[in-house]
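Inside the fold
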Amino acid sequence: MQTTVVTKIDESNIDPQVIRQAGQILRSGGLVAFPTETVYGLGADALQAQAAANIYKAKGRPSDNPLIIHICCFEDLKKIVTHIPQAAVRLADAFWPGPLTMILPKSKIVPDETTGGMDTVAVRMPANRTALALIREGGGYVAAPSANTSGRPSPTLAEHVYEDLKGKIPLILDGGAVGIGIESTIVDLTEEVPLILRPGFISLEMLSEVIGEVRTDPGIAAGGQDCRPKAPGMKYRHYAPDASMFLVEGPQERVIAKINDLTRAAVQEGKKVGIIGTEETARYYEQGYVIRIGSRQEEEEIAHNLYRILREFDQSGVDLIYSECFETPRMGQAISNRMMKAAGHQVIKAE
C-alpha cells in the first residue's frame, strides 16, 4: 500500500510546481485524481497501455468498460481519431470546454486498454483550469473515469476520492467541491444519427439545436447487462450506495404516503431507513433519516447534491433508502438515469 498525498489547489491561482509534480506522475505511468466541472477524475496517460490498466486495477473496474480521454486543445483530437465529422466540430465550438463527451473512430495510437477493446474512443475537454493544466503537463491525453471504487457513488469532493482510493494512488489534487456533480453527456457520432449514450448536463434539445436530429439510446432506460458497453456506465451497476435503494414513483401526495408506509414497516422490523426528499416535502416524512436533496425548482442543485447524499447515507449506516423521483425540465433524464442505476432499477409505484 502506497502513501496517498492530498494537495490543495486553487483554480484561480494554480501552483505550477504542483502541476509539474502531478504531470510527472502521469508521464511515468502513475495515477493522479483531479477535479473537473462534473466529478473528480482518476487520471492516467491514455496512450500508455499499462497506465490505463492501472486505472482498472485501482478502481476494481471491469476491463471492457471504456475510459474517456481528456484533452486540452481541439487540435489534439486529430492524433487519436481517424475522422472528425462536421458535427464534432460544431459541438466542440458550442460546448467545449465543457461537460460533453464525443465518441469517434479511434486511431491506432490509442491502446485497447483505454477503449475497453472498442474501435471507437470517447473524448472530452473539461471546463476546469486545474484539469486543463494537468492534461497539458501530463502529455495532452489523460484517460480519466470517476475517481472512486467502481460501482460506488461518484466523488464530488476530494474527501470522497480519499475514502475510496487511499493507499491505491499517490496524489489527489483537492480543488474543492465540483460544480455540476454528475458526469458528462456522451454522444456517439459514429452512428448515422448521433446517439446519446449517457445523459448529462447538456440535454438532447441543446445538442439538437447545434447539429439537428439526435436520438437517445433505448438502452439507457433498459439497464440490461447483456450489451457490450460502448461508453462508460452503460452496462454495469453504477453510483450505488451500500444500502438497498428504491425509487417511489407517482403523484407527490401518494409518493409521500407510500414512503411513510414503507418506512413505518421497516422501522418496526428494526431497520434504519434513509429518505431522499426535497425542500418542499421533507417535513411530511414521519420517520427515518431524511435528507433534503434540494428544491424541485432548482434542478442543478438536485444534480449537484445527489452523490454526496448517497455517500452520507453510507456513513450513517442505513439499511434501506427510499427516494422520490425527479422529472425536472432540462436535466430530468440525467438525474433519473443516475438514480435508476443507483437503485438497480428498483421502482415502487405509489398507487
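The structure this text deals with has already been given above.
Anyway, here's the lowdown on the structure attached to this text. Owing to the predicted nature of the structure, the values given are computational and were not obtained by experimental measurement. Along each chain, numbering runs from 1 in the same order as the chain's sequence is written. Under the rules for a predicted model, residues below a pLDDT of 70 receive no local features and side-chain atom pairs below 80 are neither given nor counted, while totals for whole chains, interfaces and linings still include all residues. To obtain the side-chain values, all non-hydrogen atoms of the structure were used and water was disregarded.

1. Focus on the packing of aromatic side chains
The condition that has to hold: Between rings of Phe, Tyr and Trp, where Trp is taken as its six-membered ring, a pair exists when centres lie within 6.5 Å; planes separated by under 30 degrees are stacked, by over 60 edge-to-face, and by other angles tilted. Put simply, DSSP H or I for four residues or longer makes a helix, DSSP E for two residues or longer makes a strand, and each gets a number counted from the N terminus. Only protein chains enter the calculation, and the probe is 1.4 Å; a residue is then buried if its accessible area is under 20% of its type maximum, exposed if over 50%, and partly exposed in between.
Applying the stated criterion across every chain yields a total of four aromatic pairs. Measuring from ring centre to ring centre gives 5.8 Å for Phe246 and Tyr322, while their planes differ by 35 degrees; the resulting arrangement is tilted. With a gap of 76 residues between them, Phe246 in strand 12 (residues 244-249) and Tyr322 in strand 15 (residues 320-324) connect regions that are remote in the sequence. No difference in accessibility class separates Phe246 from Tyr322, as the two residues are buried. Here Tyr289 and Phe313 contribute two aromatic rings whose centre-to-centre distance is 5.8 Å and whose plane-to-plane angle is 90 degrees, an arrangement assigned as edge-to-face.

2. Some details on the side chain of Ser154
Condition: For this analysis, a polar contact is any N or O atom pair within 3.5 Å, provided that within protein one partner can donate a hydrogen and the other can accept it, and provided that sequence-adjacent residues contribute only side-chain to side-chain pairs.
Along the chain, the position of Ser154 falls in the loop between strand 7 (142-143) and helix 7 (158-165). Polar side-chain contacts of Ser154 include one of 2.4 Å to the side chain of Glu183.

3. Observations concerning the packing of helix 1 (residues 16-27) against helix 6 (residues 129-137)
Angle between the axes and distance between the axes: these two values describe a pair of packed helices. Short version of the rule: Between the N-to-C directions of two axes lies an angle of 0 to 180 degrees, each axis being a line fitted to C-alpha atoms and, for a helix, fitted only over the stretch in contact. Comment on the angle field: the value is read as roughly parallel under 35 degrees, roughly antiparallel over 145, roughly perpendicular from 65 to 115, and oblique elsewhere. Each crossing gets its hand from how the near helix is turned against the far one by less than a right angle, where anticlockwise is left-handed and clockwise is right-handed. For this analysis, residues touch if any pair of their heavy atoms sits within 4.5 Å.
Running from N to C, helix 1 and helix 6 cross one another at 50 degrees; their axes reach a closest spacing of 8 Å. Compared by their axis directions, helix 1 and helix 6 come out oblique. Where helix 1 crosses over helix 6, the handedness of that crossing is right-handed. Mapping the contact onto sequence places Ile19, Arg20, Ala22, Gly23, Leu26 and Arg27 in helix 1 and Thr130, Ala133, Leu134, Arg136 and Glu137 in helix 6.

4. Some points on the packing of helix 4 (residues 86-95) against helix 8 (residues 204-211)
Contact geometry for helix 4 and helix 8: axes closest at 9 Å, N-to-C directions at 120 degrees. Relative to helix 8, the element helix 4 is oriented oblique. Considering the relative orientation of helix 4 and helix 8, their crossing is right-handed. In this structure, helix 4 contributes Ala87, Arg90, Leu91, Ala94 and Phe95 to the contact, and helix 8 contributes Met206, Leu207, Val210 and Ile211.

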